[in-house]
Amino acid sequence: MLKKEWIEQGFIDEPVAAGTDLKAEIRRLCEEKGAIILAHYYTVGDIQDVADFVGDSLALARKAADTDARMMVMCGVHFMAETCKLLSPEKTVLCPDLNAGCSLADSCKAEDLKKFKDEHPGYQVISYVNTTAAVKALTDVVVTSGNAKKVVDQLPEGDNYIFGPDYNLGNYINEVTGRRMLLWNGGCHVHERFSVSKIAELKKQYPEATVMAHLECKGPVLALADVKGSTATMLQYAQQSSAKQFIVATEAGILHEMQRTCPDKEFIPVPPEISESGLECSCNECQYMKMNTLLKIYNCLKYEWPSVEVDAEIAQEAVKPIQRMLELS
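**Q** Now, about helix H14 (residues 231-240): what can you tell me, with residues and values included?
**A** Looking only at H14, the buried set comprises Thr231, Met234, Leu235 and Ala238. Relative to the axis of H14, the buried residues are bounded by an arc of 100° and lie together on one face. Where H14 is buried, its residues meet strand E9 (210-214), strand E10 (227-229), strand E11 (245-249), helix H15 (254-261) and strand E12 (266-269).

The following block contains the structure:
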């Protein structure tokens, strides 16, 4: 039976015996319960190592839906678990810590988007996948950072669009497509912290390095990048490139997979201008992603909680813009 304090805090922190091999125990529970582990690129290396699949949020949800697993643990943030549930409504979706939110998703509340839509009649909504199910339910088509340009290019040019919540991504797509979409003023607290000056310093230190930046970064940062794209785009480029050094402007967790698949190459993380503690540090991390731990994964598998549910009416509407995106991309 779940303890009251576990329910109140949104995760189970029951300790295990000293010397317990959590990775081995997690794999044992997965086999016993017909479960799989999904790990976002921004989680810590130990979690990526124990996962069945590592990737971006939508790719993980789609991959999980194609398996015969009855249960999945989404090691990422809350909206990612919701997306898994949208695509696998019959499966149990576990989230190691319900408090693992997302600053980008939080920057666009469903009630605020509905009001904004009411103020702009006739506008269609294009939402970045980094949104809640309730926001997706108010959306006409969802996009990812990897397919946003392709999707937008296929939409009628004469129509009016609201793009949200990531302002930087929307601004970039406006530039490369020639559109004039109305942009929601939201952003990711991690990617907002990257600065031109830090990248310039690293370019002087590593003159032969290729600069890669996520599309959630500000325009001036993207202007310095040799490669602009999603985490999956940057990873694939690094794997295929003959370059040996890369300056990487995205959440530092991706460096684990980059280094694992490219052991002969060097990856240099771009630090934030100023960290949340007010002190400079060598990397830029999402504290929400780092709320996922091996202990929490073990406990949520053991107790099959916390699970994530999506209201049936919201789910019915939220899956439609995802399906439209898949048709267009």
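**Q** Let's hear about the sheet that holds strand E6 (residues 141-143): which residues, and what values?
**A** In spatial order, the strands read E6-E5-E7-E8; together these 4 strands make up an open sheet with parallel pairing. Each edge of the open sheet carries a strand with a single partner, namely E6 and strand E8 (182-183). Sheet topology note: the strand E5 (residues 123-128)/strand E7 (residues 160-164) ladder contains 5 bridges and is parallel. Looking across to E7, one finds that serine 127 is bridged to glycine 164.

**Q** Outline the packing of aromatic side chains, supporting the account with residue identities and numerical values.
**A** The tally for this structure, following the rule as stated, stands at 3 aromatic pairs. Relative to phenylalanine 267, the ring of phenylalanine 246 has its centre 5.3 Å away and its plane inclined at 15°; by these criteria the two rings are stacked. Separated by 21 residues along the polypeptide, phenylalanine 246 in strand E11 and phenylalanine 267 in strand E12 bring together distant segments of the chain. We note that phenylalanine 246, like phenylalanine 267, is buried. Over the face of the ring belonging to phenylalanine 11 we find lysine 296, whose NZ or CZ atom lies 4.3 Å from the ring centre.

**Q** Residues and numbers for the side chain of serine 195, please.
**A** With respect to the helices and strands, serine 195 occurs in the loop between helix H11 (189-192) and helix H12 (196-205). Since its relative accessible area comes to 9%, serine 195 is described here as buried. A distance of 3.3 Å separates a polar atom in the side chain of serine 195 from a polar atom in the side chain of serine 197.

**Q** Outline the packing of helix H2 (residues 22-33) against helix H16 (residues 294-303), listing residues and values.
**A** Put simply, H2 and H16 touch, their axes get as near as 10 Å, and they point 25° apart. It follows from the interaxial angle that H2 and H16 lie roughly parallel. Between H2 and H16 lies a crossing whose hand is left-handed. Along the contact surface, H2 presents Leu22, Lys23, Glu25, Ile26, Leu29, Cys30 and Lys33, while H16 presents Leu294, Leu295, Ile297, Tyr298, Leu301 and Lys302. A breakdown of the residues in the contact of H2 with H16 according to their chemical character gives 9 nonpolar, no polar and 4 charged.

**Q** A description of the environment of lysine 296 should follow, citing residues and the corresponding values.
**A** Take lysine 296: it is sitting in helix H16. Along the sequence, lysine 296 and alanine 59 sit 237 residues apart, while their C-alpha atoms lie 23 Å from each other. Residues within four places of lysine 296 in sequence aside, it is in contact with Phe11, Ile12, Pro96, Asp97 and Met291.

**Q** Run through the sheet that holds E12, naming residues and quoting values.
**A** Reading across from one edge, E10-E9-E11-E12 is the order of the 4 strands in this open sheet, with parallel pairing throughout. Edge positions in the sheet fall to E10 and E12, since each has one partner strand and no second. Strand-to-strand twist in this sheet, taken as the mean axis angle between neighbours without regard to direction, amounts to 25°. Sheet topology places E11 next to E12; 4 bridges connect them, and they run parallel. Residue pairing across strands places glutamine 245 opposite glutamate 266, the latter belonging to E12.

Parameters at a glance
Residues numbered from 1 in each chain as written. Predicted model: local features only at pLDDT ≥ 70, side-chain atom pairs only at ≥ 80, totals over all residues. Heavy atoms only, no water. Buried < 20%, exposed > 50% of the residue type's maximum accessible area, 1.4 Å probe, protein only. Helix = DSSP H or I, 4+ residues; strand = E, 2+ residues; numbered from the N terminus. Arc of directions from axis to C-beta. Contact = heavy atoms within 4.5 Å. Pairing = 2+ DSSP bridges. Phe/Tyr/Trp six-rings, centres within 6.5 Å; stacked < 30°, edge-to-face > 60°. Lys NZ or Arg CZ within 6 Å of the ring centre and 35° of its normal. Polar contact = N/O pair within 3.5 Å; in protein donor to acceptor, adjacent residues only side chain to side chain. Axes fitted to C-alpha atoms, helices over the stretch in contact; angles between N-to-C directions. Parallel < 35°, antiparallel > 145°, perpendicular 65-115°, else oblique. Left-handed = near helix turned anticlockwise from the far one by under 90°. Nonpolar A, V, L, I, M, F, W, Y, C, P; charged D, E, K, R; others polar.

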